[in-house]
Each structure stands twice: as structure tokens, then as C-alpha cells.
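# Structural description and commentary
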Amino acid sequence: MTASTTRRTTAARSRIAAVGAIAVAGALILTGCGDQTDKGSSSTPSGGTSKDSSAPLFSALPKKIQDAGVIKVGTDSAYAPMEFVEGGKIVGVDPDIAEALGKQLGVKFQFTAGTFDGLITSIYTGREDAIMSSITDNKKRQEGLDDKGQKIGKGIDFVDYFSSGLSLLVKKGNPEGIKSMDDLCGKTVAVQRGTIYEDSFKAQADKCGDKKLTIQAFDTDAEAQTRVKAGGAVADLNDYPVAAYTVKTSGGGNDFEVAGQQSDVGLFGIGVSKDNNQLRDALKQALDAAIKDGSYGKALEKWNVQDSAVKAATVNAGQ
């Protein structure tokens, strides 16, 4: 696990956070870094223009996409295991779910990498048909509001496909017996500086009161993980899929484990334009079909994130 897979600064990316003002505000800037760029772009193995008009839900798609044979998808491909670059291709949970949806729709999902804070803008400008990048569905993003509730953009619709919260990452064997945030009182934790996870630890420190919770903040999450592994801190905090991936891959699975249950659970959604209800509804139907035939579940099991499965597709269900 490297720092490039976590990138937790709230200025650049806050997928679990309740607000998406930076991403929405990008709609006001239609040039420069506000939109996706070709820099670092890469397509998934499913990229291409082949189509299957006999697929169950092909007719549900907008004609423009039927003709193209492709749904263009913007993503920030530096968030393993959800989406990351391997062998020059964007791979991960999201691309695998998209592949399952594509089989129902008879078209390919072509992922292109860009910056997280430009994703919503790419929908507004029409550069992408959809965005799929572990984006938390919330009311502010749906309505195009900033942190203060002021209207700064049109907003987008979400098809919710993944449920994820925050998870505590502890040393293998959980020597301190950590089961929840409350168990951290009187102990030392490590976290990446300037993130929502640091904010969560600070809120817990307030709850701990005199039983002081000591927070050690680092420039990267990799440094925080190293501190936990060395025994200098009892826990790190991260999104569940990232924590689960770290458990599986770090030290061949011998370094860490996830402690307790997820907290602050929210929904990830595929974002589409509010002017494209037909695509939104087709994606919802495709997700329900993939859930029913088991291909959705297989995609999650491949990455050991089956605990984040949704039972049915929803639209704009995030709070």
C-alpha cells in the first residue's frame, strides 16, 4: 500500500465526507483543471466500442450510447482497491462492477482517469456520460450546494451501488483488543493529516475527555500504517474497502486486521447528469439485474469487499 493509493486530503478528495463542495464548485470553472484532462488517462480492459444489441437492457439506453457502444466514465484512478492503475489499465472494484453492468446493457464502460475534484464538472460539460469513483452520494452533490447550502451548480443524480463506512486498522492479532472508537480512549492513534479520518479521531478525543486520546498525524496514510505496524500507535482509520485491501495485501496478509464494525456508513453512487434520466434508469435496471444474477456479488468477492454490497439499486438515496 502506498501513499498514492490513499490520497486523503480533504481539499482533493473526500468521498465519504458529507459534503462535496469542491467537486461541485468545479462546475463553475469550465476550463483548466476544473474538467477532466487527458493527463494520466487510461482505459479499463473493457474499453472499446463493441456493442450487443441483443443484451437484455440495450434498448433501455439512450440512442447516442447505443450508437457509440460505449459509456464514457470519469474516475480518479488512485484509490485501490476501488479503482487503480495496473499494467496500464484501470482495474478494481468499480471497473469490475461496471463490467457486470455492461453485460446487461450490451455496451462497454470506458474509464478515463482524471482528478477527483473535476469529476462532477466532466458531467456538466458532457465530457463523460457518467462518473464512477467511490463518490459518496449526498444531498449537497445531488442539489449542487456548497458547504453553506448555497446553490453553486446544477447537481447530479446518483445510482447507488456500494455501501461503505470507516474502519479501524489495527496490528495483526489486535493486541489491544480494539473493537470500537470508544476503546481508543487513553491510547495513541495514527492517521493521515488533513483528512476526514483525522477529524473523526479529533471528535473521538473530545468524547474521551480526561482519558486522553493522543493523535499522531502524518503526511501520508502509509506512514500512519507503518506507525501502527511498529506498535507506536494502536490504530489507523480508513475507508472500509481500503482497510480491507490493506489487510489482504500488506505483508502478505500478516501485518493488519480490521477491528470492529464500520462506522459512518454511506452510499457510493454512479453519477449522471440530471438531464439524462434515461441513462440513470438504465444503469439502475442493470445494477438490479447484476445483483439478481450474481455477477455483482462476484465482483465484490474478488476484492474481499462483499460486506459493502447493496441489496437493490437506489437513486439519490444518500443523505
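Note that the structure is predicted; figures quoted are calculated from it, not measured.

## Things to note about the state of the cysteines
Within this structure, the stated rule accounts for one disulfide. Across the disulfide, Cys 185 is cross-linked to Cys 208 (sulfur-sulfur distance 2.0 Å). Between Cys 185 and Cys 208, the S-S torsion sits near -80°, and that sign places the bridge as left-handed. Within this pair, whereas Cys 185 is found in the loop between strand S7 (156-171) and strand S8 (188-192), its partner Cys 208 is found in helix H6 (residues 196-208), the two being separated by 23 residues in sequence.

## Considering the packing of aromatic side chains
Counting across every chain of the model gives four aromatic pairs. A centroid spacing of 5.4 Å and a plane angle of 10° characterise the contact between Phe 162 and Phe 268, whose relative ring orientation is stacked. One end of the pair, Phe 162, is in strand S7; the other, Phe 268, is in strand S11 (residues 256-273), and 106 residues separate them in sequence. Each member of the pair, Phe 162 as well as Phe 268, is classed as buried. Taken together, Phe 84, Tyr 245 and Trp 303 form an aromatic cluster joined through their ring pairs.

## So, unusual backbone geometry
Only a minority of non-glycine residues have a phi that is not negative, and only a minority of peptide bonds are not trans. A cis amide bond links Ala 80 with the next residue in sequence, Pro 81, at an omega value of 5°. Relative to the helices and strands, Pro 81 resides in the loop between strand S2 (78-79) and strand S3 (83-86). The residue Asn 316 is not glycine, and still its phi comes out positive at about 55°. With respect to the helices and strands, the residue Asn 316 is situated in the segment after strand S12 (314-315). Classification of Asn 316 as buried rests on a relative accessible area of 18%.

## Remarks on the confidence of the model for the chain
The predicted coordinates should not be examined in detail at positions where pLDDT is low. Summary statistics for the chain give a mean pLDDT of 86 and a share of 84% for residues scoring 70 or more. A low-confidence stretch, residues 1-41 (pLDDT under 50), is modelled with 129 contacts involving residues beyond four sequence positions or located in other chains. Long-range and interchain partners of residues 44-48, a stretch whose pLDDT sits below 50, account for 15 contacts in this model, where long-range means more than four residues apart.

## Here we look at the packing of helix H3 (residues 93-105) against helix H10 (residues 295-302)
Two numbers describe how H3 lies on H10: the axes approach to 9 Å, and their chain directions differ by 160°. Classified by the angle between their axes, H3 and H10 sit roughly antiparallel to one another. For the pair H3 and H10, the sense of crossing is right-handed. Counted together, Val 93, Asp 96, Ile 97 and Ala 100 of H3 and Ser 295, Tyr 296, Ala 299, Leu 300 and Lys 302 of H10 form the full contact between these two elements. Here the residues of the contact of H3 with H10 are counted per class, giving six nonpolar, one polar and two charged.

## Some points on the sheet that holds strand S4 (residues 89-91)
Read from one edge to the other, the open sheet built from three strands follows the order S2-S3-S4, with strand pairing classed as antiparallel. For this open sheet the edge positions go to S2 and S4, each flanked by a neighbour on one side alone. Where S2 lies against S3, two bridges are found, and the strand directions are antiparallel. Residue pairing for S3: Tyr 79 is matched across the bridge by Glu 83.

## Comments concerning helix H9 (residues 277-293)
Across its 17 residues, H9 extends 24 Å between first and last C-alpha, which sits within 8% of the 24 Å expected from 1.5 Å per residue. Listing the buried residues of H9 in full gives Leu 279, Arg 280, Ala 282, Leu 283, Ala 286, Leu 287 and Ala 290. Down the axis of H9, the buried set is contained in an arc of 165°. They therefore lie on one face. A positive phi of about 90° marks Gly 294, the residue just after H9.

## Describing the pattern of salt bridges
Inspection of every chain in the model, using the stated rule, returns twelve salt bridges. Where Asp 157 meets Arg 280, a salt bridge forms, and the shortest distance between an N and an O atom there is 3.1 Å. Of this pair, Asp 157 sits in strand S7 while Arg 280 sits in helix H9, placing them 123 residues apart in sequence. An identical accessibility class is assigned to Asp 157 and Arg 280; each is buried. Of the charged contacts in the structure, one is a salt bridge between Glu 198 and Lys 202, with a shortest N-O distance of 3.9 Å. With Glu 198 and Lys 202 both in helix H6 and four residues apart, this pair spans about one turn of that helix. Residues joined by salt bridges that share partners form a network here, namely Asp 157, Lys 274, Arg 280 and Asp 281.

## Points about the nonpolar core
Of all hydrophobic cores here, the largest spans 67 residues; its most connected members are Ile 71, Leu 105 and Leu 184. Other than its neighbours up to four places away in sequence, Ile 71 contacts Leu 61, Ile 65, Leu 105, Val 107, Lys 108, Phe 109, Gln 110, Asp 129, Ala 130, Leu 279 and Leu 283.

## What about H10?
Of the positions making up H10, those classed as buried are Tyr 296, Ala 299 and Leu 300. Summarising the axial view, the buried residues of H10 lie within an arc of 95°, below the 170-degree limit, and thus occupy one face. For H10, the exposed residues set more than 90 degrees away from the buried face come down to Lys 298 and Glu 301. Considering only its buried residues, H10 is in contact with H3, S7 and H9. Residue Asn 304 follows H10 closely and has a positive phi angle near 60°.

Conventions we followed
Residues numbered from 1 in each chain as written. Predicted model: local features only at pLDDT ≥ 70, side-chain atom pairs only at ≥ 80, totals over all residues. Heavy atoms only, no water. Disulfide = S-S within 2.5 Å. Helix = DSSP H or I, 4+ residues; strand = E, 2+ residues; numbered from the N terminus. Phe/Tyr/Trp six-rings, centres within 6.5 Å; stacked < 30°, edge-to-face > 60°. Buried < 20%, exposed > 50% of the residue type's maximum accessible area, 1.4 Å probe, protein only. pLDDT = per-residue confidence, 0-100. Contact = heavy atoms within 4.5 Å. Axes fitted to C-alpha atoms, helices over the stretch in contact; angles between N-to-C directions. Parallel < 35°, antiparallel > 145°, perpendicular 65-115°, else oblique. Left-handed = near helix turned anticlockwise from the far one by under 90°. Nonpolar A, V, L, I, M, F, W, Y, C, P; charged D, E, K, R; others polar. Pairing = 2+ DSSP bridges. Expected span 1.5 Å × (residues − 1). Arc of directions from axis to C-beta. Salt bridge = Lys/Arg side-chain N within 4 Å of Asp/Glu carboxyl O. Core = buried A, V, L, I, M, F, W, Y, C linked by side-chain atoms within 4.5 Å.

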